[in-house]
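In case you want the letters, here they are:
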Amino acid sequence: MSRYEPAQIEAKWQKAWDEAGVFKAVRDPARPKYYVLEMFPYPSGRIHMGHVRNYTMGDVVARTKKAQGYSVLHPMGWDAFGMPAENAAMERGGHPRDWTYGNIADMKMQMKPLGLSIDWSRELATCDPEYYGQQQAMFLDMYAAGLVYRKAAVVNWDPVDMTVLANEQVIDGRGWRSNALVERRELTQWFFRISDYSAELLAALDGLTEWPEKVRLMQANWIGQSRGLQFAFQTVGAPAGFDRLEVYTTRPDTLMGASFAAISPDHPLAKALETDPEVAAFIALCRKGGTSAEEIETAEKIGFDTGVRVRHPLDPAWELPVWIANFILMDYGTGAIFGCPAHDARDFEFATKYDLPIRPVFVAEGGTDAALTEPFVPMKSERVTYVRGFAGATVQTADEAIAAAIAHAEAHGYGRGVTNYRLRDWGISRQRYWGCPIPVVHCATCGVVPEKKENLPIELPYDVKFDVPGNPLDRHPTWRNCTCPACGAPARRETDTMDTFVDSSWYFARFTNPRASTPTVAEDAAYWMNVDQYIGGIEHAILHLLYSRFFARAMHKTGHLPAKAIEPFNALFTQGMVTHEIYKTTDANGRPVYHLPEEVIRTEAGARLKDGTAVEIIPSAKMSKSKKNVVDPMNIIAAFGADTARWFVMSDSPPERDVEWTAAGVEATFRHLSRVWALSARIAEMPRDFKGQGDDDLVRATHRAIHEVTQGIEGFAFNKAIAKLHEFTNTIHRAAASTPVMALAIRMLAKLMSPMTPHLAEEIWALHGGEGLCVNAAWPKADPAMLEDDSVTLPIQINGKRRGEITVPKAMAAAEVEKLALANEDVIKFLAGQTVRKLIVVPGRIVNVVV
RNA sequence: GCCCGCGUGGUGAAAUGGUAGACACAGGGGACUUAAAAUCCCCAGGCUGGCAACAGCCGUGCCGGUUCGAGCCCGGCCGCGGGCACCA
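Residues numbered from 1 in each chain as written. Chains lettered and ligands numbered in written order. Predicted model: local features only at pLDDT ≥ 70, side-chain atom pairs only at ≥ 80, totals over all residues. Heavy atoms only, no water.

Engineer: Before we move on, could you go through the overall build of chain A and cite the residues and values that matter?
Structural biologist: For chain A, the helix and strand inventory stands at 25 helices and 38 strands. Structurally, chain A occupies a C-alpha span of about 105 × 85 × 65 Å along its principal axes. Looking at the 851 residues of chain A, the share that counts as buried comes to 53%. Excluding contacts between residues fewer than 6 apart, the proportion of contacts in chain A whose partners are at least 24 apart in sequence is 71%. (Helix = DSSP H or I, 4+ residues; strand = E, 2+ residues; numbered from the N terminus. Buried < 20%, exposed > 50% of the residue type's maximum accessible area, 1.4 Å probe, protein only. Contact = heavy atoms within 4.5 Å.)

Given below as structure tokens:
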């Protein structure tokens, strides 16, 4: 008997699939289509176990759907723009384009041996001018449709390198290279009007029934719809033009507990007061640090009393101070609030720090109006007693009180109910080279002018250098020079490039016809859209998936997608991450340095580098390029074959959960596949006319396996499908049935395994006389009659504890079951004569005796 | 700080509110072998008692609740992870 040698059989069958063109996606109106897509990778140059897990999941779905008769689209591409290419150019020299395309070639070479059922003829990279030129065309259409505009927005500014930093490049408030303290600085930037779609993007979440509930919840919270009151304070002592201060509050019921008003450092009133050097100094202090919400919200809360006062809307004699506070965001509401310290943790902290009054508005139902030592913030659905209410009942919930307060304000004309959203417009400007150029020009006479479509693509120049920080497009000697599309005068090209999230917001649509000379082609988009199953990491739950939902709407509005595709992903599955230890040392300046697993030598005493340096181990963290805790699957494929790697990543852990990569178990997978191989060979050698025993049992087991494995795959429970395949393998192994029954069982085992281990499946399929290629064979259907058992074993509980069991015909009436249960020896023993108070019989499930 | 998850044997895990630990890994015992590897067979949550078959009790991060019955539902904690708009 020959050995299981994956290196031979895998290459053989991959060639056979290629020659038969089995994975080519064909628009076939006669068949239902199925579009399965995994989130495309960033071309880092090396695939890791996370990729293998992600693509194998998609491949299992694609191969199963193909066998079930669908016309399948399963493409692959590269999310190829982004910072790492520029960083590589800065660190090692070379060019981002060469680095990126080199990485793509390397990664493709590593992916091919996995035997994925991908239509490689549709491959694309977002850095191909063929791709980003179409993206520029859509930008122009969106500009014409009023979905694009410019405004000032803050960026992280490194004052030493004189460059904009990504949040990732700001470490503890300092630039990662210069170590300079980062500041927030305003620049004019390009934006997409995603906030116009806030209400629609929120409402449409309800229709995404095949998305994980947690993702829908995260998106809903991100969009952040709130109902509140907007009103204006009359100001006292404010500069000219600021006699009113508009504020927005979600808690108008706490108006009588107001003790101050606060404005953002970016508020127009704050800017107007900046003539005062003290105010200017305070605002400068607020601008220190990065732009990330995490940094802003965890920063110490500081404030400055402007001296301006406002009149309380319900009592003009009551004046409140106006403070500038660093935690008020200009982007949300009106950039101004009133603070009610008694019922808000942040306001409480602020009031305590600056000695502002803290007056309760409501107390616990039946409680007393006493001084607070901590903020009182019950659920809004809880009934409380309003001691300083002004609208609605004395005892009511906050929800009721808020509605009453809005009604009161509208009736008395001092404010109005407003629905607000937290979602901000999407800033797409990046002051970087390696991205899609924004196709507009700046003309001295015409201003900002969109490029003409016939001039697209606006290609990135190749002759750039990364020897100094900043955007090479900005200092390129000639690239910026162009003529104004409107007046023909000399003009300047926009040097900002697009956020890479734009690239990934429509690649799924481009895959429906990746070579077209328009962004999409109507017939292809109509046939292939939507993506039936999208698979990717939970880390994309908010930004990528929300931007894509917006972009699909924008594409529909500009005529690039049909109406049915405005929600582009019918079903979403978020796989868990592959985690791994991180290996860290520290450089001479005390900065962390990370090391690849293969650079680290692990012993029982600890971990060291080859030169003996001790390595700190940080357990179980997300695999990331920057932390270098990635595992190279190529070694596993070389040693054990792709089928082993594929089977291993699908077994054991449920696909939605994180899995900690460990080398242990891969060998066990290989041994299991070898056993299947040997079992297949043994059956092939059985005499054709061998009459065995238990034919009927094995046939039934085969049908049960078909049923259970299919359920496992269709329910995204690949680990359970594999457990059932283990059981079925053991059953065949132990069986001594007649040759044709054994051969059928092993052939069905091969077909059921084929989504996970397609090469081994082909080999077994061919050996046992399967017709054609296994990959083209129809998915088997279980005969329901073969799945029925005529008897069932019921556990008997006494007071919820299992005390015995009975086996009864499946259809037995509950009354009969009761009698049998009470006559059971164990039951009689445990009851010991006690009276039965209640008897619960759940047919086919359980009997519970209550005494 | 805010939003969202997750937590079950030595390990990965399974379990429409109904027999907790299927299926595997690591481990132990045995067969085969001069020996080892490979292969095959068997055992296996913890504690207590028993030579044993077995019996009893405990057990799903912690505390409380709902229920005839809770790993699963509800409330409150603890720990770990993801996201927080310029990482992709």
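Engineer: Break down the environment of Ser71 for me, citing the residues and quoting the values.
Structural biologist: Examined against the element boundaries, Ser71 turns out to sit in strand β2 (residues 71-73). Ser71 sits 146 residues away from Leu217 along the chain, and the two C-alpha atoms are 33 Å apart. Those residues in contact with Ser71 that sit more than four places away from it in its chain are Val26, Asp28, Arg31, Pro32, Lys33, Tyr34, Tyr527 and Trp528. Polar contacts involving the side chain of Ser71 include one to the main-chain carbonyl oxygen of Val26, which spans 2.8 Å. (Polar contact = N/O pair within 3.5 Å; in protein donor to acceptor, adjacent residues only side chain to side chain.)

Engineer: So what's going on with unusual backbone geometry? Which residues, and what values?
Structural biologist: Of the consecutive residues Leu456 and Pro457, the connecting peptide bond is found in the cis state with omega at -10°. Residue Asn530 is reached from Met529 by a cis peptide bond, and omega for that bond is 5°. Take Asn530: it is sitting in the loop between α15 (522-528) and β27 (531-537). One non-glycine residue, Asp172, lies in the positive phi region at around 50°. Positive phi is not limited to glycine here, since Phe716 has a value of about 55°. Relative to the assigned elements, Phe716 resides in the loop between α20 (695-714) and α21 (718-734). When its relative accessible area of 10% is taken as the criterion, Phe716 is described as buried.

Engineer: Run through the pairing of strand β22 (residues 440-443), naming residues and quoting values.
Structural biologist: Here β22 shows two buried faces, one formed by Val440 and His442 and the other by Val441 and Cys443. With four bridges connecting them, β22 and strand β23 (residues 447-450) associate as antiparallel partners. Opposite Val440, over in β23, you have Pro450 as the bridge partner. Adjacent in sequence and paired antiparallel, β22 and β23 are bridged by three residues. Where β22 lies against strand β25 (residues 490-493), two bridges are found, and the strand directions are antiparallel. For His442, the partnering residue across the bridge sits in β25 and is Arg492. (Pairing = 2+ DSSP bridges.)

Engineer: An account of helix α4 (residues 96-111) is requested, with residue identities and associated values reported.
Structural biologist: Helix length check: α4 (16 residues) gives 22 Å between terminal C-alpha atoms against 22 Å at 1.5 Å per residue, within 8%. Where α4 is concerned, the buried positions are Pro96, Thr100, Asn103, Ile104, Met107, Gln110 and Met111. For α4, the angular spread of buried residues about the axis comes to 130°, placing them on one side. (Expected span 1.5 Å × (residues − 1). Arc of directions from axis to C-beta.)

Engineer: Explain the packing of helix α18 (residues 642-650) against helix α23 (residues 758-767) to me, using residue names and the numbers behind them.
Structural biologist: Closest axis-to-axis distance for the α18/α23 pair is 7 Å, and the angle between their directions is 115°. Residue-level contacts link Ala642, Asp643 and Arg646 of α18 to Pro758, His759 and Leu760 of α23. Partitioning the contact of α18 with α23 into residue classes produces three nonpolar, one polar and two charged. (Axes fitted to C-alpha atoms, helices over the stretch in contact; angles between N-to-C directions. Nonpolar A, V, L, I, M, F, W, Y, C, P; charged D, E, K, R; others polar.)

Engineer: I'd love a proper account of the protein's contact with RNA strand B, names of residues and values included.
Structural biologist: Lining the immediate environment of RNA strand B, one finds 66 residues, of which Asn167, Arg432, Lys720, Asn730 and Asn848 sit closest. The sugar-phosphate share of atoms of RNA strand B within 4 Å of the protein amounts to 64%. In the environment of RNA strand B, a phosphate oxygen lies 3.3 Å from a nitrogen or oxygen atom belonging to the side chain of Arg671. The side chain of Asn719 places a nitrogen or oxygen atom 3.1 Å from a phosphate oxygen of RNA strand B. Here the surface near RNA strand B takes seven residues from α21, the largest share from any one element. Its residues assigned to classes, the surface near RNA strand B comprises 24 nonpolar, 18 polar and 24 charged. (Near = heavy atom within 4 Å.)

Engineer: Describe in detail the sheet that holds β2, supporting the description with residues and values.
Structural biologist: An order of β2-β1-β27-β28 is seen for the four strands of this open sheet, with the pairing classed as parallel. Edge positions in the sheet fall to β2 and β28 (569-575), since each has one partner strand and no second. On average, each strand axis in the sheet is inclined to that of its neighbour by 20°, with strand direction left out of account. Taken together, the three bridges between strand β1 (residues 33-38) and β27 define a ladder with parallel strand orientation. Across the sheet, Glu38 pairs through a bridge with Ile535, a residue of β27.

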